[in-house]
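# Examining the three-dimensional arrangement
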Amino acid sequence: MKDLRENWSSNLGFVLAATGSAIGLGNLWKFPFITWKNDGGAFVLIYLVCIIAVGLPIMMAELLVGRKTQKSAVGAMRETIGPSWGWVGTWGVMAGFVILSYYAVVAGWSIFYLFQTLQWSVSGFPTQANMGGLFADLAANGTMQTALSGTFMFLTVGVVYFGVASGIEKTARLCLPALFVILLLLLFSSLTMEGSGEALAFLFRPNFSELDSAAVLEALGHSFFTLSLGMGTMIVYGSYVARNRSIVNAAGSIVVLDTVIAIIASIIMFSVIFTVPGMPEQVDGSAVGMLFISLPQLFYEVVPFGVVLAPAFYLLVALAALTSTISLLEVVVSYFIDQRKMERSRATLLSGACIYVFTFLSGMSFGASTWLSSFELFEGKAGFFATLDHFASNWALPLGGLLITLGVGWFMSTKDTEAELVATGSPRWFSYKAWLFSVRFIAPAAVAAILIAVIFLGKDFS
Ligand code: PHE
């Protein structure tokens, strides 16, 4: 039969693909920066609590809905929870569309820095480098933005076109091991640096007097983004898992790997930054600044084996971004395949092309187009890119996550959810009762707090 659903070729392949979705710019670009902004230690601890108490249970909820129905977000929500819940799936598809469109812009920059550092490594780092200027020129150059993000979108479409096992899974099998090796090399190199002691203390010595309630909500909001939750990615990836496989174990592995990688990335970046006197004051500016302005130069000036590690680092960023962009595109593509009965090839090309229109507009909003750069829908968030990021992190993911956890916790029978989580065997650390308590009470209350803070207190988590 033609429409027999494609599955992952193995459990490891699934875990790698889902981990690849989770590990991305969120780990390498956002996490170190928000940890920096929130003064480390206590924030890291709060983040871990959010990941375990809220992120992990919702990850299981999404995976179980997908595996049970073998359908993508819209069909899965409709079938497990109720006909009107299809809207939650549609909301997720829209979120995937939006996130991919602006994510591809930053992913494109990683390609630029990969080639730029390769060139420096071969021909030498310029003595009077102006890294801020280099980045500003890139950002405002419409042609470059279009070409770089276009290349990234092309790669993403190229992978998703080949389907679940031969496209997505194969790419994850290649990229993730490479990513782990590069990250470990960088970690070893950074631990030999002078600043590493200070970096470790910054990350692991909690100082609760520095922490405010906004930081708690920021940690919570980020746990959605970094685990790819709240928009149906894990529903879709779960829908390709065979019914006899345990999802509890898989969810545990994905969450642990994602968290470990975010922490390793922070150790690397902070070791470099603390090694250079005066650097901590300089990086205060922005997340983009840390990754694309401060780090490139430091690789050549202070990092042992920096000549090799600089291009390796930007390759790492690009690979991590790719395994995330394919999951974002898959949410949109699987909607067209399942709900609109389209062929995969057509669905992929069509979605890729539509999303790219928004990518183009985002890329133009760093100076290339005055109108797009000053476009302001949310107060204080100037630019098309910033608007989309704000919408996704503050609205789309928390609202999607809230509805998914309420739906699974309150509107699915406990008989069904228990069967999904426990029948295929669950590890000893797992307690169904604790899971149910989280998806019914803890997760909804926590996520509602984010939305209340955004709506009534004017907070911003992007
Ligand atoms: N988890 C990805 C990251 O950390 C981003 C992402 C969000 C991917 C939502 C898919 C869905 O970069």
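Our subject is the structure listed above.
Residues numbered from 1 in each chain as written. Predicted model: local features only at pLDDT ≥ 70, side-chain atom pairs only at ≥ 80, totals over all residues. Heavy atoms only, no water.

Running from N to C, helix α18 (residues 384-411) and helix α20 (residues 432-457) cross one another at 155°; their axes reach a closest spacing of 9 Å. When the axis of α18 is compared with that of α20, the two are roughly antiparallel. Once α18 is placed against α20, the crossing between them reads as left-handed. (Axes fitted to C-alpha atoms, helices over the stretch in contact; angles between N-to-C directions. Helix = DSSP H or I, 4+ residues; strand = E, 2+ residues; numbered from the N terminus. Parallel < 35°, antiparallel > 145°, perpendicular 65-115°, else oblique. Left-handed = near helix turned anticlockwise from the far one by under 90°.)

Before going further, it helps to examine the pattern of salt bridges. The final tally for this structure, using the stated rule, is 8 salt bridges. Its salt-bridge partner being R67, residue E420 comes within 2.8 Å of it at the nearest N-O pair. One end of the pair, E420, is in helix α19 (residues 414-422); the other, R67, is in helix α3 (residues 41-69), with 353 residues separating them in the sequence. The burial state of E420 is the same as that of R67; both residues are buried. The closest approach of N and O atoms between E330 and R344, which form a salt bridge, is 2.9 Å. Placement of E330 in helix α15 (residues 306-339) and of R344 in helix α16 (residues 344-363) is noted, with a sequence separation of 14 residues between them. Like R344, E330 is buried. (Salt bridge = Lys/Arg side-chain N within 4 Å of Asp/Glu carboxyl O. Buried < 20%, exposed > 50% of the residue type's maximum accessible area, 1.4 Å probe, protein only.)

Further remarks concern a nonpolar patch on the surface. There is a patch of nonpolar side chains on the surface, built from W410, F411, F437, F441 and I442 and spanning about 520 Å² of accessible area. Sorting the residues of the nonpolar patch by element identifies α18 and α20 as the ones contributing at least two each. The element contributing the most residues to the nonpolar patch is α20, with 3 residues. The topology assignment puts F437 in helix α20. Take F437: its relative accessible area is 46%, and that puts it in the partly exposed class. (Patch = residues over 30% accessible without salt bridge, like charges linked within 9 Å, V, L, I, M, F, W, Y side chains within 5 Å. Areas by Shrake-Rupley, 256 points an atom, 1.4 Å probe, with all protein chains shown as cover.)

One pass over the full model with this rule turns up 1 cavity of 30 Å³ or more. Computed from the structure, the largest cavity encloses a volume of approximately 150 Å³. Along the wall of the largest cavity there are 17 residues; nearest its centre are S21, I99, F225, S228 and L328. Listed by contribution, the elements that provide at least two residues to the lining of the largest cavity are α1 (11-22), α5 (86-123), α10 (213-226) and α15. The residue makeup of the lining of the largest cavity, split by class, is 9 nonpolar, 8 polar and no charged. (1 Å grid on protein atoms, 1.4 Å probe; cavity = no way out; pocket = protein on both sides within 12 Å on 5 of 7 lines; lining within 4 Å. Points joined across faces, edges and corners; volume = space filled by probe spheres on them. Nonpolar A, V, L, I, M, F, W, Y, C, P; charged D, E, K, R; others polar.)

This part covers the site of the ligand. The immediate surroundings of the ligand are formed by 15 residues, with A22, L25, G26, Y103 and F225 found nearest. Taking L25, its main chain carries an N or O atom lying 3.0 Å from an oxygen atom of the ligand. Within the backbone of F225, a nitrogen or oxygen atom sits 2.8 Å from a nitrogen atom of the ligand. Alone, the ligand offers 320 Å² of accessible surface; in the complex the protein occludes 100% of this. Here the ligand occupies the largest cavity. Class assignment for the residues of the shell around the ligand results in 6 nonpolar, 9 polar and no charged. (Near = heavy atom within 4 Å. Polar contact = N/O pair within 3.5 Å; in protein donor to acceptor, adjacent residues only side chain to side chain. Sits in = over half its atoms within 2 Å of the grid points.)

Let us look at the nonpolar core. Counting residues in each nonpolar core, the largest one holds 171 residues, and the members touching the most others are F299, F313 and W435. Of all the elements, α15 adds the most residues to this core, at 19 residues. (Core = buried A, V, L, I, M, F, W, Y, C linked by side-chain atoms within 4.5 Å.)

This is a description of form; function is not addressed.
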